[in-house]
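Residue-level listing of the chains:
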Amino acid sequence: MVRGKFHKGERVLAIDKRKWFKISGYEPHSGQLLLHNSKARFKVVVAGRRWGKSLLAAKEAEVMVLMPNTRGWIVSKTYDLGEKVFREIYKTLIHKFKFETVRKSYSPKSGSMYLEFPWGSVVEVKSAEHPDSLVGEGLDWLVFDECASCKGIIWEQYLRPTLSDKNGWALFITTPRGYNWLYDLWKRGNSPDYPEWESFHFPSWSNPHLHSDDIEEAKRSLSKEAFEQEYGAEFTFLSGQVYSDFDPSVHVIPDDKLNIDPEWRRFRSIDFGYENPFVCLYIAVDPEDRVIIYDEYYQRHRTVEQHAERLIEEEKKTRLMMQSALGKNVKDVYEWTTCDPSAASARATLMEKGIVTITSRSSIEQGLELVRQQLKVRADGKPGLLVSSRCVNTIREFNLYSYPESKWTEEPEKENDHAMDSLRYFLTQWRKGYISQKIAVWA
Ligand SMILES: Nc1ncnc2c1ncn2[C@@H]1O[C@H](COP(=O)(O)OP(=O)(O)OP(=O)(O)O)[C@@H](O)[C@H]1O
Ligand SMILES: [Mg+2]
C-alpha cells in the first residue's frame, strides 16, 4: 500500500488514503471528507472548536509519513498546541500499529517531539514562538494548527520557503481570529487568481460527533461574539461597537436606586493618562459576584501625585461611611487596586503616595471576552455587570468603544478606551482570584 512515486520531479501521492483511514479506524465526517478529497496544494480550513481539525490534520499527516522519504512539520503557536496533532499520529502509528522508529521523542515540555521511520520519513513538531527553529530542510508537507493565533510573518517569512524545494503542501487549520492575515489567505481559496488554494468553512455543529449539549453550554457561557467566532467559525469579531451587548436600559442603574452594602467587597482599577484622562473606577462586587461600577474618577491634565491625593481623599470618605454603617474600625476599604501592568513609573509614584497596585497581564482579546461575559444577562434576569448612572464617562465609552473601520487589526480603536481599559484590568485581576486584604492605603 505504501509506495512513493516520482513524476516529472514531483512526488505523486501513491498511498490509498481511504484504505488507510479504514485500517486505522478513522471515519471522516462529511466536512472532513471534503477536505481529504481536495487536491489543492494549500488548504485553508476555518472551523469551529471541536470540529475535528486536529484529527483531520493528523490523518493527512499520517498518509504522508507512511510514504518513503517524506519530511513534514506540525507547527502551532506553542508546543502544547502542536502536540494535539502529534498525539493522534503517535497514538495511531506507535501505539496502535507499533511501527518501528529510527529516532523518536515525545516531550511537549521541552518541545522535542519527532518521529523518524526506517523508510526515511520524518515528522516533527515546531512552535511559532521559536521562529529560529523554523529553518531546515525542504518540507513535503506542513500542518499549521490554530494558525490564526500566530503572526502572519511566520507563514510568509519562515514556513512558505520551506515548501519550495519539494513543492510541498500546507494545511492551515484554525478557528478564526478576526480579519487578520489568515483571513487574507482564506479569501485566496475562494479566488480564481489562486488556483493552488482552496478554502473551507465549518461551524462546530457540523461535527456529528459533538454533543448538542456541548454547543448549548458554550452558547450560554460565552458572549455572542465569542460564540460566533469560536463555534460558528465566523470572522465577526471586529466590526462596530466592541461591547454590542451593552444596553443602558439593562446595565445602567440610576444612582439613587443603587445600594452598595458596606459589607460588599470593593476594588479600584486605574488607567493612567495625562492628555488622555486618568481613570479610576470604583467597583463593588455583591455576594452573587455581580460587578457594580458605582463611581468613576475621570480627569485630564493632572500629575499622578495630584490624582493620588484625590484617590486618598475619596478613600477616607468611604472609610468613614463604612465605619459608621458597620460600627467598627475599617482598615482596608478596597480589597485591592489594579492598573495598567505596563505603567511602571506611574505605579511607583502611586506607591510613594501609599497606593499599592497589583496587576496581571493578559491579552486584550481575553480581557474583552471577560467583559462581554460579565455583561450577559443571567438566569435571574439581571446582568453580571451594572454601572451607576453617575459614571457618565464610563457609559459614554461603553457606547462608543469600537473596532476600526479598516478591520486589519484585532484590537479596538484607541479612543474611548480609558474606562474600558480600567474595567478590563479589573476583570482580569478579579478572575485570577487574586485576593489580598493588605492593599489599601498605608497613609
Ligand atoms: N471523524 C471523526 N470520528 C470520530 N470522532 C471525531 C471525528 N472527528 C472529530 N472527532 C472527535 O471530535 C473531537 C474534536 O476533535 P479535534 O480535537 O480533532 O477537534 P479540533 O477542531 O481540533 O478541536 P479544538 O478546537 O479543541 O482544537 C474529538 O473528541 C475527536 O475525537
Ligand atoms: Mg485542535
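**Describing the pairing of strand β4 (residues 71–76)**
The element β4 is extensively covered by neighbouring structure, given that six of its six residues are classed as buried. With six bridges connecting them, β4 and strand β7 (residues 122–127) associate as parallel partners. Paired with Val-75 across the two strands is Lys-126, which belongs to β7.

**A word on the packing of helix α12 (residues 364–375) against helix α14 (residues 418–431)**
Close contact between α12 and α14 brings their axes to 9 Å; oriented N to C, the two are set at 85 degrees. In this view, α12 runs roughly perpendicular relative to α14, as classed from their interaxial angle. On the side of α12, the interface is formed by Ile-364, Gly-367, Leu-368, Leu-370, Val-371, Gln-373 and Gln-374, while α14 contributes Leu-423, Arg-424, Leu-427, Thr-428, Trp-430 and Arg-431. Classifying every residue of the contact of α12 with α14 gives seven nonpolar, four polar and two charged.

**Some thoughts on a negative patch on the surface**
Taken together, the side chains of Asp-213, Asp-214, Glu-216 and Glu-217 define an acidic patch exposed on the protein surface. Along the chain, the position of Asp-213 falls in helix α7 (residues 212–221). Residue Asp-213 is classed as exposed on the basis of its relative accessible area of 56%.

**As for the sheet that holds strand β3 (residues 42–47)**
Taken in spatial order, the eight strands make up an open sheet running β5-β6-β7-β4-β8-β9-β3-β10, and their pairing is mixed. The open sheet has two edge strands, β5 (103–107) and β10 (197–202), and neither has a second partner. Recorded for the sheet is a direction-independent mean angle of 15 degrees between the axes of neighbouring strands. Direction of pairing for strand β8 (residues 141–145) relative to strand β9 (residues 169–174): parallel, over a ladder of five bridges. Among the inter-strand pairings, Asp-145 is bridged to a residue of β9, identified as Ile-173. Contacts between helix α3 (residues 53–65) and the sheet are confined to β3, β7, β8 and β9, with β9 contributing the most and set at about 165 degrees to the helix. Across the sheet, helix α5 (residues 152–162) is in contact with β3, β4, β8, β9 and β10; its angle to β8 comes to roughly 155 degrees.

**Structural notes on the site of ligand 1**
In the region of ligand 1, 17 residues are neighbours, and Gln-32, Arg-50, Lys-53, Ser-54 and Leu-55 sit closest. Interatomic distance of 3.0 Å between a backbone N/O atom of Gly-52 and an oxygen atom of ligand 1. At a separation of 2.7 Å, an oxygen atom of ligand 1 approaches a polar side-chain atom of Lys-53. Burial of ligand 1 by the protein amounts to 76% of the accessible area it has alone, namely 630 Å². Residue contributions to the shell around ligand 1 peak at three residues, all from α3. For the shell around ligand 1, the per-class residue count stands at four nonpolar, seven polar and six charged.

About the cut-offs
- Residues numbered from 1 in each chain as written.
- Chains lettered and ligands numbered in written order.
- Predicted model: local features only at pLDDT ≥ 70, side-chain atom pairs only at ≥ 80, totals over all residues.
- Heavy atoms only, no water.
- Buried < 20%, exposed > 50% of the residue type's maximum accessible area, 1.4 Å probe, protein only.
- Helix = DSSP H or I, 4+ residues; strand = E, 2+ residues; numbered from the N terminus.
- Pairing = 2+ DSSP bridges.
- Axes fitted to C-alpha atoms, helices over the stretch in contact; angles between N-to-C directions.
- Parallel < 35°, antiparallel > 145°, perpendicular 65-115°, else oblique.
- Contact = heavy atoms within 4.5 Å.
- Nonpolar A, V, L, I, M, F, W, Y, C, P; charged D, E, K, R; others polar.
- Patch = residues over 30% accessible without salt bridge, like charges linked within 9 Å, V, L, I, M, F, W, Y side chains within 5 Å.
- Areas by Shrake-Rupley, 256 points an atom, 1.4 Å probe, with all protein chains shown as cover.
- Salt bridge = Lys/Arg side-chain N within 4 Å of Asp/Glu carboxyl O.
- Lys, Arg positive; Asp, Glu negative; His and termini not counted.
- Charge placed at Lys NZ, Arg CZ, Asp CG, Glu CD.
- Near = heavy atom within 4 Å.
- Polar contact = N/O pair within 3.5 Å; in protein donor to acceptor, adjacent residues only side chain to side chain.

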